[in-house]
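Coordinate inspection notes
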Amino acid sequence: MSDAMSVHPEVVTTHDVHHDEHHVHHHKETFITKYVFSQDHKTIGKQFLITGIIWAIIGGLFSVLFRLQLGYPDQHFQILETVFGKWAEGGQIKPEFYYALVTMHGTVLVFFVLTAGLSGTFANILIPLQLGARDMASPFLNMLSYWFFFLASVIMLSSLFISTGPAASGWTVYPPLSALGQASEGSKLGMDMWLVSMAMFIVSSLLGGLNYISTILNMRTKGMSMTRMPLTIWAMFFTAVLGVLSFPVLLSGAILLLFDRNLGTSFYLSDIVVNGQILPNEGGSAILFQHLFWFLGHPEVYIILLPAMGMVSEILSVNSRKPIFGYMAMLGSLFAICILAFLVWAHHMFVTGLNPLLGSIFVLLTLLIAVPSAIKVFNWLTTLWRGNIRFTPATLFAIGFVSLFISGGLTGIFLGNSTIDIHLHDTMFVVAHFHIVMGVASFFGMLAGVYHWFPKMFGRYLNSTLGYIHFWVTIIGAYLIFWPMHYQGLAGMPRRYLDKSSWVSFTQFGELDKMITVVSIIVFAVQLMFVFNFFYSIFKGRKVTTQNPWGANTLEWTTPIRPGHGNWEGEIPEVHRWPYDYGKDGREFIPQTEPIGENESKH
Amino acid sequence: MSTQATVHQTKWWSGGKSPFNLEYGKLMMWYFLMSDAFTFGAFLISYGSIRFSQNYWPNPNVVFDSAPGIHGGAPLFFVSIMTFILIVSSVTMVLAVHEGHKGNRQGVIKWLAWTIVGGLAFLSCQAWEWHHLITGEHAVLVNGQVELWGQNMSHNPWGPVVEGVTYHGHHVTTPGPVAFGGYFFGITGFHGFHVFSGVIINIIMLVMAQKGVFDRRGHYLMIEKAGLYWHFVDLVWVFVFLCFYLI
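How each quantity is defined
- Residues numbered from 1 in each chain as written.
- Chains lettered and ligands numbered in written order.
- Predicted model: local features only at pLDDT ≥ 70, side-chain atom pairs only at ≥ 80, totals over all residues.
- Heavy atoms only, no water.
- Helix = DSSP H or I, 4+ residues; strand = E, 2+ residues; numbered from the N terminus.
- Rg over C-alpha atoms; globule rule 2.2 N^0.38 Å.
- Buried < 20%, exposed > 50% of the residue type's maximum accessible area, 1.4 Å probe, protein only.
- Contact = heavy atoms within 4.5 Å.
- Lys, Arg positive; Asp, Glu negative; His and termini not counted.
- Charge placed at Lys NZ, Arg CZ, Asp CG, Glu CD.
- pLDDT = per-residue confidence, 0-100.
- Core = buried A, V, L, I, M, F, W, Y, C linked by side-chain atoms within 4.5 Å.
- Buried area = accessible area lost by both parts, 1.4 Å probe.
- Salt bridge = Lys/Arg side-chain N within 4 Å of Asp/Glu carboxyl O.
- Polar contact = N/O pair within 3.5 Å; in protein donor to acceptor, adjacent residues only side chain to side chain.
- Nonpolar A, V, L, I, M, F, W, Y, C, P; charged D, E, K, R; others polar.
- Pairing = 2+ DSSP bridges.
- Phe/Tyr/Trp six-rings, centres within 6.5 Å; stacked < 30°, edge-to-face > 60°.
- Axes fitted to C-alpha atoms, helices over the stretch in contact; angles between N-to-C directions.
- Parallel < 35°, antiparallel > 145°, perpendicular 65-115°, else oblique.
- Left-handed = near helix turned anticlockwise from the far one by under 90°.
- Expected span 1.5 Å × (residues − 1).

Notes on the overall build of chain B
- Of regular secondary structure, chain B possesses eight helices and four strands.
- Ordering the α and β elements of chain B from the N terminus gives α-α-α-α-α-β-β-β-β-α-α-α.
- Compactness check: chain B gives a C-alpha radius of gyration of 23 Å against a globular reference of 18 Å for 247 residues, more than 25% above the reference.
- Taking the principal axes of the C-alpha coordinates as reference, chain B spans close to 80 × 40 × 30 Å.
- Within chain B, buried positions represent 53% of all 247 residues.
- In chain B, once contacts between residues fewer than 6 apart in sequence are set aside, the share between residues at least 24 apart is 67%.
- Side-chain charges in chain B split into 11 positive and 11 negative, and the spacing between the mean points of these groups amounts to 24 Å.

Remarks on the confidence of the model for chain B
- With 96% of its residues at a pLDDT of at least 70, chain B reaches an overall mean of 92.
- Segment residues 1-7 of chain B is flagged for pLDDT under 50; beyond a separation of four residues in sequence, or across chains, it makes five contacts in the model.

Description of the nonpolar core
- Residues Phe84, Phe122, Trp380 and Phe401 of chain A together with Tyr183 and Phe244 of chain B are the most contacted members of the largest nonpolar core, which totals 259 residues.
- Each residue touching tyrosine 183 of chain B, except ones within four places of it in the same chain, is listed here: Leu256, Phe267 and Leu288 of chain A together with Phe43, Ser46, Tyr47, Ile50, Thr188 and Phe244 of chain B.

Describing the interface of chain B and chain A
- Counting residues at the interface gives 39 residues for chain B and 47 residues for chain A.
- Of the roughly 3,700 Å² buried between chain B and chain A on both sides combined, carbon and sulfur atoms contribute 70%.
- Interface area lost by chain B to chain A is led by Met28, Tyr31 and Phe38 of chain B, which between them contribute 16%.
- For the interface between chain B and chain A, the tally reads zero salt bridges.
- On inspection of chain B and its partner chain A, the count reaches 10 residue pairs in polar contact (both at pLDDT 80 or more).
- Among the elements of the structure, helix H1 (2-9), helix H2 (24-51) and helix H6 (179-210) of chain B are those that each provide at least two residues to the side of chain B that touches chain A.
- Residues that form the side of chain B that touches chain A fall into these classes: 21 nonpolar, 16 polar and two charged.

Points about the pairing of strand S2 (residues 145-149) of chain B
Residues and elements named next belong to chain B.
- The pairing of strand S1 (residues 138-142) with S2 spans five bridges and is classified as antiparallel. By the bridge assignment, valine 140 is partnered in S2 with glutamate 147.
- In textbook terms, the turn of a hairpin is the stretch between consecutive antiparallel strands, and for S1 and S2 this stretch comprises two residues, one of which, asparagine 143, has a positive phi near 50°.

What about the packing of aromatic side chains?
Residues and elements named next belong to chain A.
- For the coordinates displayed, the defined rule picks out 81 aromatic pairs over all chains.
- A centroid spacing of 5.4 Å and a plane angle of 20° characterise the contact between phenylalanine 48 and phenylalanine 149, whose relative ring orientation is stacked. Separated by 101 residues along the polypeptide, phenylalanine 48 in helix H4 (residues 41-71) and phenylalanine 149 in helix H7 (residues 139-159) bring together distant segments of the chain.
- When the centroid spacing of 5.3 Å and the interplanar angle of 70° are considered together, the rings of tryptophan 171 and phenylalanine 293 count as edge-to-face. With tryptophan 171 in the loop between H7 and helix H8 (189-218) and phenylalanine 293 in helix H10 (residues 286-319), this residue pair connects regions lying 122 residues apart in the sequence.

Notes on the packing of helix H4 (residues 77-102) of chain B against helix H8 (residues 221-246) of chain B
Residues and elements named next belong to chain B.
- Contact pair H4 / H8: the axes reach a minimum separation of 10 Å and the direction vectors enclose 160°. By the criterion of interaxial angle, the relationship of H4 to H8 is roughly antiparallel. For the element pair H4 and H8, the recorded crossing hand is left-handed. Note on element contacts: H8 touches H4 through Ile223, Glu224, Ala226, Gly227, Trp230, His231, Asp234, Trp237, Phe241 and Tyr245, opposite Val79, Met82, Thr83, Leu86, Ile87, Ser89, Ser90, Met93, Val94, Ala96, Val97 and His101.
- The class makeup of the residues in the contact of H4 with H8 is 14 nonpolar, six polar and two charged.

Concerning the side chain of threonine 265 of chain A
- Relative to the elements of secondary structure, threonine 265 of chain A occurs in the loop between helix H9 (231-262) and strand S1 (273-274).
- Looking at threonine 265 of chain A, its side chain comes within polar contact range of the side chain of aspartate 260 of chain A, at 2.7 Å.
- Dropping the residues within four chain positions of it, threonine 265 of chain A is found in contact with Leu256, Phe259, Asp260 and Asn281 of chain A together with Met153 and Gly182 of chain B.

Things to note about the side chain of lysine 225 of chain B
- Relative to the assigned elements, lysine 225 of chain B resides in helix H8.
- Excluding residues within four positions of it along the chain, lysine 225 of chain B makes contact with Glu23, Gly25, Lys26 and Met29 of chain B.

Considerations on the packing of helix H5 (residues 105-135) of chain B against H8 of chain B
Residue and element names in this part refer to chain B.
- One way to put it is that H5 packs onto H8 with a least axis distance of 13 Å and a crossing angle of 30°. Of the possible angle classes, the one that applies to H5 and H8 is roughly parallel. Of the two elements, H5 crosses H8, and the hand of that crossing is left-handed. Together, Val108, Leu112, Thr115, Gly119, Phe122, Gln126 and Glu129 of H5 and Ile223, Trp230, Trp237 and Tyr245 of H8 make up the contact between the two elements.
- Within the contact of H5 with H8, the residues separate by chemical class into seven nonpolar, three polar and one charged.

With respect to H4 of chain B
- Between its first and last C-alpha atoms H4 of chain B spans 38 Å; for 26 residues at 1.5 Å apiece the expected length is 38 Å, and the two agree.
- Looking one or two places after H4 of chain B, you find glycine 103 of chain B, whose phi comes out positive at around 75°.

Quick look at unusual backbone geometry
- For the peptide bond that leads from proline 175 of chain A to proline 176 of chain A, omega is 5°, which places it in the cis range.
- Topologically, proline 176 of chain A is positioned in the loop between H7 and H8.
- Phi is positive for arginine 386 of chain A, which is not a glycine, with a value near 55°.
- Mapped onto the elements, arginine 386 of chain A comes out in the loop between helix H13 (370-384) and helix H14 (393-416).
- A positive phi angle is found at asparagine 143 of chain B, which is not glycine, with a value near 50°.

In structure tokens form, the structure reads like this:
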């Protein structure tokens, strides 16, 4: 009896004792163990961030280069031939290669930048620091998580350089196109590499996710009850749960696709004629792949969005010097979004011949997501309302996130209706919608996080002037690029087409497309400026001189300015209150470590 | 009594301890198994959706009616043995974990070794079954000609029987649904891969136990985690068995 009910001594103490020992007599750290095969969650987070930045430059550059051709379909650009060689002979992108570029742009940005680069970075850096833990539950698996991501990156990057080119069937890799090598160049070796790379990526995401979940549940410091956790941590928690439960389904889908490609099975293939050749495959279903893909694909957009939401909540509260409005409502909304994320995948498939009754159920569930989303938006706005706002670059990006989330979210209501979706499906409207709500909004959340936690990561500040320029050009540019695409989509302009000039009805958009192209070049240049700011500031930025530069309540600001492996020197602080006591009882902020005073009012 | 009273007052969720009184590795294992369950779930649901979209599906009592030395006429006999072996290996795993609780190294080593034997026996059975299916020769009527087919990824000899036609005294069938082979080999193969990795894990555990690693740590938690994985693999087999052999 006592054995079963008493607190497991191993469970409670190992962590503390183990790491305190570490701290007393430091391990000899070499360059390799400190910067390359590091098991320190902070270093791993930075590795994810820098790898993510490199991928973002590659993925962003692709979009700028194909935008060049989209804006000026009849022009020849020497730079295109310089960069792409035979794929853009004479300075014009070949149609098949355009599809490869779009595929890589999507894959890289969705998975490598906004999944690994975003939640990989901030879950790693923030979870132990904000929970009061020395490190992740398993630092070793955490390190493996990065190196599997690195392996996935190497494979995906290599696929860009093979003679048949990278995968070219859209980031959703729908079969039969993706399953049949004879159907297109991009469905040859590039597609196999895409699948293998994604399998490695899924392993990485699983190792990371399991670590995040068990760290959050098991490693909270004394007094850090679940409802005293900052919303960032709650967001990371739900993100990890989504990833752990949805990525395995993509893995199943990818394995079956690999079999169809290489072993002659017929999971997704039936009754196909390619280049006049009748294929023996029968009995498979291409729609089956779409179900498997979107069972991941839809939670994936929340895997991208939730960490941004969490960080924005934290940054807005800190910088408006006010408690977050509706903590429990925020938490409930995160939970509701997490559940609904699993129940709406077929809204990507309204035009596949889905049973209309089933479609209407998915419409209902999809529109339900508007409720928690709206709750979150109103809570952010009311957090800002009458706040004593400090407009740091991080705050601006956080506010930008809210703006973009509203704009992009509203168009989601259009697309979530199966009837309207029949008209809008596969048009530029969809491109506009998901770029604003998922792509750019999450990017804003990520950038807000980088600006806000850069002092913690590197002990220096990012340059604010460059930060302000970065923000204003990016937000204006983002709206100029994506807002007009809604009109193109409403007019019926299809996505994924290189040259639309043969349609007379779309010639009216010719000048608009040029404008979008010019703006996207400017916005990309400004991102490069941010990258410069980032690397310059790591070495030369203004030094952080106080432990808590933003006057924040959370635990990461109780660590030394440049924390070592183990985060706190001496004891881990104990937590006595929730993280949002700003502007309370006449005090600007009260850190979580401060015990509740005798006459303190309730929050 | 007093200890019980304090235990009830313990605030499990207030931080500083594991709310489930679980070491992190076990928590991770549970979440991993949930994740893996989704992988298998996706496979089995895909299988179900394709199978029930077909007009005809082979009868498992006909497909799986042989065993080493028995050519036909023993429906599901061999797979029952396989299932029995795997379930017994789960029992021996339970005993290994139990000995681990008592800190009895010799007991752990004994029962882990039996579990490994069980896992290897299951894999051998599966290898025989696959080999038998792939190399089998069944008369199939294709374009008016009789061809001898085995069961593989792209050929299925278990279609409806052609009435009134025999070939060397055997039934002649029409080609069956191609999807059968893909799903059968795909899913049982993926499960077999899990059994294989479970055996590897158990061997590592055996070596570690032999070297006294767990005695030095003072607990056999690793055996428990390996046990969780092993039971999960067994549980998955129950569903695979149900979906491919019974229904």
